[in-house]
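Chain by chain, the residues run as shown.
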Amino acid sequence: MKAKYVYFFGGGKADGNESMKNLLGGKGANLAEMAGHKDLLLPVPPGFTITTEVCDYYYKNSKAYPKGLEEEVKESLQKVEALMGKKFGDPNNPLLISVRSGARRSMPGMMETILNIGLTTKTIPGLIKLTGNPRFVYDAYRRLIMMYSDVVMEKTAGIEPKDDQSGIRKQLERIMDKVKKEKNYSSDTDLTADDLKKLCGLFKAKVKEVLKKDFPDDPMQQLWGGIGAVFASWNGKRAVSYRRIEKIPDEWGTAVNVQAMIFGNMGSDSATGVAFTRNPGNGENQFYGEYLINAQGEDVVAGIRTPAPINEYSKSGHNKNLVSLEKAMPKLYKELFDYRNKLEKHYRDIQDIEFTIEKGRLFMLQCRVGKRNGPAAVHIAVDMVKEKLITREEAVMRVTPSQLEELLHPIIDPEVEIDTKPLAKGLPAGPGGASGQIIFTAKDAVEWKKQGKKIILVREETNPEDVEGMRAAEAILTARGGMTSHAALVARGWGKCCIVGCGDIRIEYSKKEIHAGEKILKEGDWITLNGTKGLVYEGKLPMMDSQEENKILGEFLRICDSIKKLGVRTNADTPEDARRAKKFGAEGIGLFRTEHMFYGKGSDEPLFLLRKMIVSKTQRERKKALDELFPFVKKDVKATLETMDGLPVTIRLLDPPLHEFVPKEPEKLKQLAKELKITLEDLSKHTESLKESNPMMGHRGVRLGITYPEVSEMQIRAILEAAAELAKQGKKPLPEIMVPVVCDLKELENQMEITKKVYKEVLQKNSLKEIKYTFGTMIEIPRAVFVADRLAQVAEFFSYGTNDMTQMGFGFSRDDVGAFMPDYINKGILPDDPFQTIDKDGIGEIIKIGIERGRKGRKDLKVGICGEHGGEPRSVEFCHKVGMDYVSCSPFRVPIAKLAAAQAAVKEGQS
Ligand code: PEP
Ligand code: MG
């Protein structure tokens, strides 16, 4: 079969469709879908897509095209001509076309576009006659010269301007500014037809002078120049750096879309705009967009004129006095609104659309899945389930863990913010709060970030060249541009805090200053942004975590709950933590580290008593100290059990080596000796004997419980008595006693004996027949895995301590990583931080073996994880796959773990 390089669309038909994104690029596939799908049949200007395979061929064959391409392009062009009733290059009735890029995944602004191709000295008079609008024609021509000379004749030809002021485009812009100045014009629209005609002459002369070539006057030459420029721009600097950030493979290539030009700048009955089928900033189910009367596409995005809102809903502070499309052109707005509904129903997702109105006729130029921030993603997913547009499983897959994280991102402490007067107000383009030092160029942003500084990139407006600097910044602030400007689009995609169109500030690049009213801020000064409201503050305001109370987040998490199979618990050491985690929907506590109760509490007494116990010389002394400590431990455990009433709480017996509890500073040691009524020498000697040179190992955890059984006994008694007392009050405490750092069955049996003995005593004391509890162990030492079947004879549950397990598994610690990792990565020994996730070979394999062996020893063994990885999405998916019962993570990771668990379940169902 003959290879097909060109796919036509238009006139209610299309060769391609939405499923062909790999071949036609996202834009081409969607144009075909809009034009040709029976449920849509939208008014798309006719055109054709040259496939990504041609791009591949072009790069593999020294920038040559495959045989037959030229013929196919010609044929398709003829079809476009027939549908438009115009001819490309015809002096009397000329067709103009656009040439645009379109990769599989959208890369906004990263590649080239050329408009108005087909304008030549021959076609200009014809078009003037046809339109009766010489101003429009010369304006289109001067745009063509500017774009084409820059993109095709300079960039694609590989001509490197001396500096960023001497590129051809800049030179032409200066000519235009000069003409405007001479005539005392303030805006481009003041230029008359004659001015523009003259300007085109000046432009062509300049092009010849600078680039030593005539501006091409042959339409076909222009077309092929444009096609080549698009293919070449796939490997342009901007595109390559964007691909690196977004992890888009180089070999995908771009398609080229050639399409009949539609003009939004043909007078007051023409317009152009961009819109989202829902609000991409917060997800509300409201049509949202901007438009400009008498303008061409890029005018809306470039931020040169302030676009007007398409409807009342889209109004905001900066555009509230402009007339909406709904008011200005009600019939066309209604038509557009109809298309909006059709598109949403068809694609079942928010769409980002571009449209143009030419002399009262509406055309759809583009549609693609709309980028949205985290809050919007969650809102849209929840709404679309309610609207029965998507299933709950689809909803879960529509939100990424990092988008969810945005909701949990810091915001400015509301109590401080309410009392702080904003310096300026702009458009809220990316949510959350951020503070940083002001920086004015993308290059400096990257540099400062490398030095470990927090920066906010402040620009008049951003363009694709700024991407790396934008990435490096905590937040982005632009003085110009709307909600669909480059900065807004990019920030939204990344979920970065961003404010655009902040007209209240004036930037003086040369002095590196921002002027806001009377105030002058300089490079390096701190500012704080509220990207959710669009407010800019001077200085560094305090931040806090947000959205715990968000109702929609709650609904979304309930959807996740209904799908996921893994339980999600939290690590919590205090009743306050437990309460917070419960709000997030934690289904229990997977790790309550008892030792933490000795720190950070109102009273120093428990810590003092613990130290007293530690330095006791005899068992009697130690028992006495433990008796004094007992009520504190019981109270703490009881409060947490009570908070989590009805939910399991895994309480771990004392874990760290005891020397960690004794102060290191001589002053404090002296004071402690005094308080304990022992000599400093005695105290030092004792602490020294407890010291572990490798605190990850040795005399800690279960081993302390074996050498000092009375320590375990006190804790177990506190746990069981707390439970007994709560049970007597009609509560449902579910304590799980967990023994840490175990590597042998005998260790576990030893602690089990203590537990049984204490259990009996507590039953008796409380006249109870039963207290519900379970007994289990942490699996964090590799050896434990290999004896897991035996451990499971005693342990009713395992909880993987991957913090220790990863370190012991690799044989180096997290601190080591910081020290030698860069060298390791450089030498290609490890690709990245090995502690990030457990889903790779190695630690994951050890975990799997432990689960298999453990369940051989006890069929209904409950298995969970309580290391940091319990809140890391890839690790959570791994835990799901290997059949764990639950993951446990810090309170703020609970929603993320729930989402990751639900996604793992959906993926499993799909495979
Ligand atoms: C672990 O080792 O994973 C664990 C949870 O224990 P800790 O972090 O307290 O050592
Ligand atoms: Mg541990």
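Each chain carries its own residue numbering, running from 1 in the written order of its sequence. Here every chain gets a letter starting at A, and every ligand a number starting at 1, in the order they are written. Reporting of local features is limited, given that this is a predicted model, to residues whose pLDDT is at least 70; pairs of side-chain atoms are given and counted only at 80 or more, and all residues count toward the totals for whole chains, interfaces and linings. Remark: hydrogens and water are excluded; side-chain values derive from all non-hydrogen atoms of the structure.

Moving on to helix H13 (residues 374-386). For H13, with 13 residues, the first-to-last C-alpha span of 19 Å sits near the 18 Å given by 1.5 Å per residue. With a 1.4 Å probe rolled over the protein chains alone, any residue whose accessible area is under 20% of its type maximum counts as buried; one over 50% counts as exposed, and the rest are partly exposed. Helix and strand definitions here come from DSSP, where helices need a minimum of 4 consecutive H or I residues and strands a minimum of 2 consecutive E residues; each element is numbered from the N-terminal end. Most of H13 sits inside the fold, with eleven of its 13 residues counted as buried. Looking only at H13, the buried set comprises Gly-374, Pro-375, Ala-376, Ala-377, Val-378, His-379, Ile-380, Ala-381, Val-382, Asp-383 and Met-384. The elements touched by buried residues of H13 are helix H12 (330-347), helix H14 (392-397), helix H15 (401-407) and helix H20 (551-563). Directly beyond the C-terminal end of H13, a positive phi value near 60 degrees is found at Lys-388. Helices are assigned an expected span. That span is 1.5 Å times one less than the residue count. Contacts are residue-level and defined by heavy atoms, with any inter-residue pair within 4.5 Å sufficient.

Attention now goes to the packing of aromatic side chains. Stacked, edge-to-face and tilted are the three classes for Phe, Tyr and Trp ring pairs, Trp counted by its six-membered ring, which pair at centre distances within 6.5 Å; planes under 30 degrees apart are stacked, over 60 edge-to-face, the rest tilted. Taken as a whole, this structure holds 17 aromatic pairs when the rule is applied. Centroid distance Phe-287 to Tyr-333: 6.2 Å. Interplanar angle 40 degrees. Geometry classified as tilted. Placement of the pair is Phe-287 in the loop between strand S9 (271-276) and strand S10 (288-293) and Tyr-333 in helix H12, with a sequence separation of 46 residues. Using a relative accessible area of 8% as the deciding quantity, one classes Tyr-333 as buried. Each residue in the set Tyr-58, Tyr-59, Tyr-65, Trp-224 and Phe-231 is aromatic and connected to the rest through ring pairs, giving one cluster. Any Lys NZ or Arg CZ found within 6 Å of a ring centre and within 35 degrees of that ring's normal is scored as a charge over the ring. Over the ring of Tyr-7 we find Lys-4, and its NZ or CZ is 4.7 Å from the ring centre. Here the guanidinium or amino end of Arg-243 rests over the ring plane of Trp-234, the centre of that ring lying 3.8 Å away.

Attention now goes to the pattern of salt bridges. The salt bridge definition used is simple: a Lys or Arg side-chain nitrogen within 4 Å of an Asp or Glu carboxyl oxygen. Counted under the stated rule, the structure contains 68 salt bridges. Glu-725 serves as the salt-bridge partner of Lys-634, at 2.6 Å between the closest nitrogen and oxygen. Here Lys-634, found in helix H23 (residues 619-643), pairs with Glu-725, found in helix H27 (residues 709-728); they are 91 residues apart in sequence, far enough to count as distant. Relative accessible area serves as the criterion here: at 17%, Lys-634 is assigned to the buried category. For Lys-757, the salt bridge identified is with Glu-713, shortest N-O distance 3.2 Å.

A separate point is the site of ligand 1. In this text, near means that some heavy atom of the residue lies within 4 Å of the molecule or strand in question. What surrounds ligand 1 is the set Leu-591, Arg-593, Arg-652, Met-778, Glu-780, Gly-801, Thr-802, Asn-803, Asp-804, Cys-866 and Gly-867. Within 3.5 Å is the distance limit for a polar contact, defined as a pair of N or O atoms, with the added protein rule that one can donate a hydrogen and the other accept it, and that residues adjacent in sequence qualify only through two side-chain atoms. Here an oxygen atom of ligand 1 sits 3.0 Å away from a polar atom, N or O, in the main chain of Asp-804. All accessibility values rest on the Shrake-Rupley procedure with a 1.4 Å probe; residue burial counts only the protein chains present in the view. Relative to its unbound accessible surface of 280 Å², ligand 1 loses 87% to contact with the protein. For the shell around ligand 1, the elements supplying multiple residues, two or more each, are strand S28 (589-593) and helix H31 (802-810). Broken down by element, the residue count for the shell around ligand 1 peaks at three residues, all from H31. Charged means Asp, Glu, Lys or Arg here, nonpolar means Ala, Val, Leu, Ile, Met, Phe, Trp, Tyr, Cys or Pro, and polar covers whatever is left, Gly included. Residue composition of the shell around ligand 1, grouped by class: three nonpolar, four polar and four charged.

This part covers the coordination of the magnesium ion (ligand 2). Distances decide who is a donor: an N, O or S atom must be within 2.8 Å of the metal, or within 3.2 Å for Na, K and Ca. Water is not included, so sites may look incomplete. Only Glu-780 (OE) and Asp-804 (OD) from the protein coordinate the magnesium ion (ligand 2), and they sit 2.0 to 2.2 Å from it. Within this pair, whereas Glu-780 is found in the loop between strand S31 (774-779) and helix H29 (782-786), its partner Asp-804 is found in helix H31, the two being separated by 24 residues in sequence. Residue class for Asp-804 comes out buried when judged on its relative accessible area of 12%.

This part takes up the side chain of Ser-76. One can find Ser-76 in helix H3 (residues 69-84). What Ser-76 contacts, discounting residues up to four positions off in sequence, is Val-6, Phe-8 and Phe-48.

This part takes up helix H5 (residues 134-156). Across its 23 residues, H5 extends 31 Å between first and last C-alpha, which sits within 8% of the 33 Å expected from 1.5 Å per residue. At Tyr-148, H5 shows its largest bend, some 35 degrees. Along H5, 19 of the 23 residues are buried, which leaves the element largely enclosed by surrounding structure. Phi turns positive, to about 80 degrees, at Gly-158, one or two residues after H5. Values of bend correspond, residue by residue, to the angle between axes fitted over the seven residues ending at that residue and the seven starting there.

Glancing now at the sheet that holds strand S34 (residues 886-889). Here, a strand pair is defined by DSSP locating no fewer than two bridges between the strands. Read around the closed barrel, the eight strands follow the order S27-S28-S29-S30-S31-S32-S33-S34; overall the barrel is parallel. Recorded for the sheet is a direction-independent mean angle of 30 degrees between the axes of neighbouring strands. The convention used is that axes are lines fitted to C-alpha atoms, helices contributing only their stretch in contact, and that angles between N-to-C directions extend from 0 to 180 degrees. Of the strands in this sheet, strand S29 (648-652) and strand S30 (734-739) are in contact with H27, which crosses S30 at around 170 degrees. Seen against the sheet, helix H28 (residues 745-766) touches S30 and S31 and runs at an angle of roughly 155 degrees to S31.

Another aspect to go through is the sheet that holds strand S25 (residues 535-538). Neighbouring strands of a sheet are bound in pairs by backbone hydrogen bonds; such pairs are parallel or else antiparallel. Taken together, the eight strands give an open sheet; going across it, the order is S15-S25-S24-S17-S18-S19-S20-S16, and neighbouring strands pair in mixed fashion. This sheet does not close on itself; its edge strands, each paired only once, are strand S15 (424-425) and strand S16 (427-430). Across five bridges, the pairing between strand S17 (residues 433-439) and strand S24 (residues 526-530) is antiparallel. Bridged to Gly-433 within S24 is Asn-530. Strands in contact with helix H17 (residues 442-450) are S17 and strand S18 (455-459); relative to S18, the strand with the most contacts, it is inclined by about 175 degrees.

A separate point is the packing of helix H4 (residues 123-131) against H5. Two numbers describe how H4 lies on H5: the axes approach to 8 Å, and their chain directions differ by 140 degrees. It follows that H4 is oblique to H5 by the angle criterion. Helix-helix and strand crossings are classified by hand; for H4 and H5 the assignment is right-handed. Across from Ile-124, Leu-127, Ile-128 and Thr-131 in H4, the residues of H5 making contact are Pro-134, Phe-136, Val-137, Tyr-138 and Tyr-141. A per-class count over the contact of H4 with H5 returns eight nonpolar, one polar and no charged. Any angle that falls under 35 degrees is termed roughly parallel, while one over 145 is termed roughly antiparallel, one within 65 to 115 roughly perpendicular, and all others oblique. Crossing handedness follows the turn of the near helix against the far one: under a right angle anticlockwise gives a left-handed crossing, and clockwise gives a right-handed one.

A few words on the nonpolar core. Among buried residues, the Ala, Val, Leu, Ile, Met, Phe, Trp, Tyr and Cys ones that are joined through side-chain atoms within 4.5 Å form a nonpolar core. Core analysis: the biggest nonpolar cluster contains 125 residues, and Phe-556, Ile-614, Leu-791, Phe-798, Tyr-800 and Met-884 have the highest contact counts within it. Among the elements that make up this core, the one with the highest residue count is H27 (ten residues). Of all hydrophobic cores here, the second largest spans 62 residues; its members include Val-6, Leu-144, Val-207 and Val-256.

Next up on the list: unusual backbone geometry. Not every positive phi belongs to a glycine, and Lys-212 is a case in point at roughly 60 degrees. In this structure, Lys-212 sits in the loop between helix H7 (193-211) and helix H8 (219-233). With a relative accessible area of 63%, Lys-212 lands in the exposed category. Of note in this structure, Asn-294 is not a glycine but carries a positive phi near 55 degrees. By secondary structure assignment, the location of Asn-294 is in the loop between S10 and helix H10 (298-302).

What follows concerns the pairing of strand S19 (residues 475-478). Because side chains alternate across S19, one face comprises the buried residues Ala-475 and Leu-477, and the other comprises Ile-476 and Thr-478, equally buried. Pairing of S18 with S19, which is carried by four bridges, proceeds in the parallel orientation. Residue pairing across strands places Ile-456 opposite Ala-475, the latter belonging to S19. Crossovers are marked right-handed if the path from the first strand over the helix to the second runs clockwise, as seen with the strands pointing away from the viewer. Between S18 and its parallel partner S19, the chain crosses via helix H18 (residues 467-472), and the hand of that crossover is right-handed. Two elements, S19 and strand S20 (residues 497-500), share three bridges in a ladder whose sense is parallel. The residue bridging Ala-475 from the neighbouring strand is Cys-497, located in S20.

The computed volume of the second largest pocket comes to approximately 670 Å³. Using only the protein atoms, space was sampled on a 1 Å grid; points where a 1.4 Å probe fits but cannot get out form cavities, open sets with protein on both sides within 12 Å along at least five of seven lines form pockets, and lining residues are those with an atom within 4 Å of a point. Lining the second largest pocket we find 38 residues, and of these Gly-281, Asn-282, Pro-428, Thr-532 and Lys-533 sit closest to its centre. Elements represented by at least two residues in the lining of the second largest pocket include exactly H13, H15, strand S14 (410-412), helix H16 (414-417) and S16. In terms of residue class, the lining of the second largest pocket is built from 16 nonpolar, 17 polar and five charged. Grid points are joined across faces, edges and corners, and a volume is the space filled by probe spheres set on the points.

The contact between H27 and H28 brings their axes to 9 Å, and the two run at 40 degrees. Relative to H28, H27 is oriented oblique. With respect to the hand of their crossing, H27 and H28 are arranged in right-handed fashion. Each of Pro-709, Ser-712, Glu-713, Ile-716, Arg-717, Leu-720, Glu-721, Ala-724 and Lys-728 in H27 lies in contact with H28, whose residues at this interface are Gln-751, Ile-754, Thr-755, Lys-757, Val-758, Tyr-759, Glu-761, Val-762, Lys-765 and Asn-766. Of the residues belonging to the contact of H27 with H28, the class tally is eight nonpolar, four polar and seven charged.

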